[in-house]
Amino acid sequence: MNNHIQAPYNYIEDYYESVQRKNQTYPDVARFWLSAMSKIDGDSVLNVGCGPMLYDNLAEFSTPPQNYVGFDLNQASFDFMARSDNPHLTSMKAGANARDTNIEKICGDIFDYRDTFADRFDSILGVGFFATFEGRQFDDLLQIMFRALKPGGQLLKLTWHGPHRNAEETRKKLIYRFDNRDEPTPENLVDRFVQAGFELRDQSILDCDRAEIGFEAIQVCQFGKPD
């Protein structure tokens, strides 16, 4: 798992700026997935596969956690958040600094943290993260996430389905681990989480099949770990 190609700084920068442009251009779509993060609560939160959106996501939580862990495979995500003078990012960082939240950033492979993260988190947030895994690896990931949650905790999953992009965009997504070759249906994803022991608490799907948005639909699922 550790031999993947790291996404370069400019790729992360372009990704962050693209998200901001789309949020401004399509506020209805942005409201759908951003507002879902208000469900995140608890003292300890893991943002797994956070990318450069660590601070942006925190701003959407209903209550700032005491401890907030941003975890990502690509070092450039953390370099970008540390070095960029992007005005929106600067504003998000200032807002985060004003909160009483301890923020920990970890660059690594999630499969190396199955024991480190066990029983540590009240909430786990995965924005686009679960779409980067497939097959047995996906099922193994779900077991790590299940163990990482405290009893009664929750996992919030946001997944984009039916991508509209050219072959070169897809190639880069795959080599930088921003996607996989599988395209599971929303129903299949829910089934696999349930098979891993999670309870489905809530689900919503937005049909946004517009080429300029880049995807056919966005699925938001809130899962829970039984007490």
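Residues numbered from 1 in each chain as written. Predicted model: local features only at pLDDT ≥ 70, side-chain atom pairs only at ≥ 80, totals over all residues. Heavy atoms only, no water.

So, the overall build of the protein
Along the backbone of the protein there are 8 helices and 7 strands. The 227 residues of the protein split such that 50% are buried. Accessible area for the protein stands at about 10,500 Å²; split by element, carbon and sulfur atoms hold 45% of it. (Helix = DSSP H or I, 4+ residues; strand = E, 2+ residues; numbered from the N terminus. Buried < 20%, exposed > 50% of the residue type's maximum accessible area, 1.4 Å probe, protein only. Areas by Shrake-Rupley, 256 points an atom, 1.4 Å probe, with all protein chains shown as cover.)

Points about the packing of aromatic side chains
One pass over the full model with this rule turns up 17 aromatic pairs. For the pair Phe71 and Tyr113, a centre-to-centre distance of 5.0 Å together with 80° between the ring planes defines the contact as edge-to-face. Placement of Phe71 in strand 2 (residues 67-72) and of Tyr113 in the loop between strand 3 (102-107) and strand 4 (121-127) is noted, with a sequence separation of 42 residues between them. Accessibility classification places Phe71 together with Tyr113 in one group, the buried group. Look at Phe71 and Phe117: their rings are 5.7 Å apart centre to centre, the planes differ by 80°, and that puts the pair in the edge-to-face class. (Phe/Tyr/Trp six-rings, centres within 6.5 Å; stacked < 30°, edge-to-face > 60°.)

As for the nonpolar core
Judged by nonpolar contacts, the single largest core of 39 residues is most densely connected at Trp33, Met37, Phe61, Leu125, Leu156 and Leu158. Residue assignment for this core shows that the elements contributing at least two residues are helix 1 (9-25), helix 2 (27-35), helix 3 (54-58), helix 4 (75-83), helix 5 (87-97), strand 4, strand 5 (149-163) and strand 7 (215-224). Per-element accounting of this core gives the leading share, 5 residues, to helix 2. If we ignore the near neighbours within four places in the chain, the residues touching Leu156 are Ala36, Met37, Lys39, Ile40, Ile124, Leu125, Gly126, Val220, Cys221 and Gln222. (Core = buried A, V, L, I, M, F, W, Y, C linked by side-chain atoms within 4.5 Å. Contact = heavy atoms within 4.5 Å.)

Considerations on the side chain of Arg192
One can find Arg192 in helix 8 (residues 186-195). Excluding residues that lie within four positions of it along the chain, Arg192 makes contacts with Gly135, Phe138, Asp139 and Leu142.

Focus on the environment of Tyr55
Counting through the fold element by element, Tyr55 comes out in helix 3. Relative accessible area serves as the criterion here: at 7%, Tyr55 is assigned to the buried category. Separated by 42 residues in sequence, Tyr55 and Asn97 place their C-alpha atoms 9.6 Å apart. Residues within four places of Tyr55 in sequence aside, it is in contact with Met81, Leu89, Met92, Lys93, Ala96, Ile103 and Lys105. Here the side chain of Tyr55 touches Lys105 through a polar contact of 3.0 Å, side chain to side chain. (Polar contact = N/O pair within 3.5 Å; in protein donor to acceptor, adjacent residues only side chain to side chain.)

Quick notes on the environment of Leu58
As for its position among the elements, Leu58 is in helix 3. In this structure the C-alpha to C-alpha distance between Leu58 and Met92, which are 34 residues apart in sequence, comes to 8.5 Å. Setting aside anything within four residues of it in sequence, one finds Leu58 in contact with Pro65, Tyr68, Ala96, Arg99 and Ile103.

Here's the deal with the pattern of salt bridges
Counted by the stated rule, this structure contains 7 salt bridges. With a shortest N-O distance of 2.8 Å, Arg120 and Glu104 are connected by a salt bridge. Here the residue Arg120 occupies a position in the loop between strand 3 and strand 4, and Glu104 occupies one in strand 3, the gap between them amounting to 16 residues. Notably, a salt bridge pairs Lys150 with Asp122, separated by 3.6 Å at the nearest N-O pair. Note that Lys150 is positioned in strand 5 and Asp122 in strand 4, a separation of 28 residues in sequence. (Salt bridge = Lys/Arg side-chain N within 4 Å of Asp/Glu carboxyl O.)

Here we look at the packing of helix 6 (residues 135-148) against helix 8
Helix 8 packs onto helix 6 with a crossing angle of 50° between their chain directions and a minimal axis gap of 9 Å. Our classification of the angle between helix 6 and helix 8 gives oblique. Judged by the sense of rotation from one axis to the other, the crossing of helix 6 with helix 8 is right-handed. Every residue of helix 8 that contacts helix 6 at Gly135, Phe138, Asp139 and Leu142 is listed here: Leu189, Arg192 and Phe193. (Axes fitted to C-alpha atoms, helices over the stretch in contact; angles between N-to-C directions. Parallel < 35°, antiparallel > 145°, perpendicular 65-115°, else oblique. Left-handed = near helix turned anticlockwise from the far one by under 90°.)

Observations concerning the pairing of strand 1 (residues 44-48)
Counting buried positions over the 5 residues of strand 1 gives 5, a clear majority of the element. The alternating pattern of strand 1 places Ser44, Leu46 and Val48 on one face and Val45 and Asn47 on the opposite face, and all of these are buried. The pairing of strand 1 with strand 4 spans 3 bridges and is parallel. Within strand 4, the position partnered with Leu46 by the bridge is Ile124. (Pairing = 2+ DSSP bridges.)

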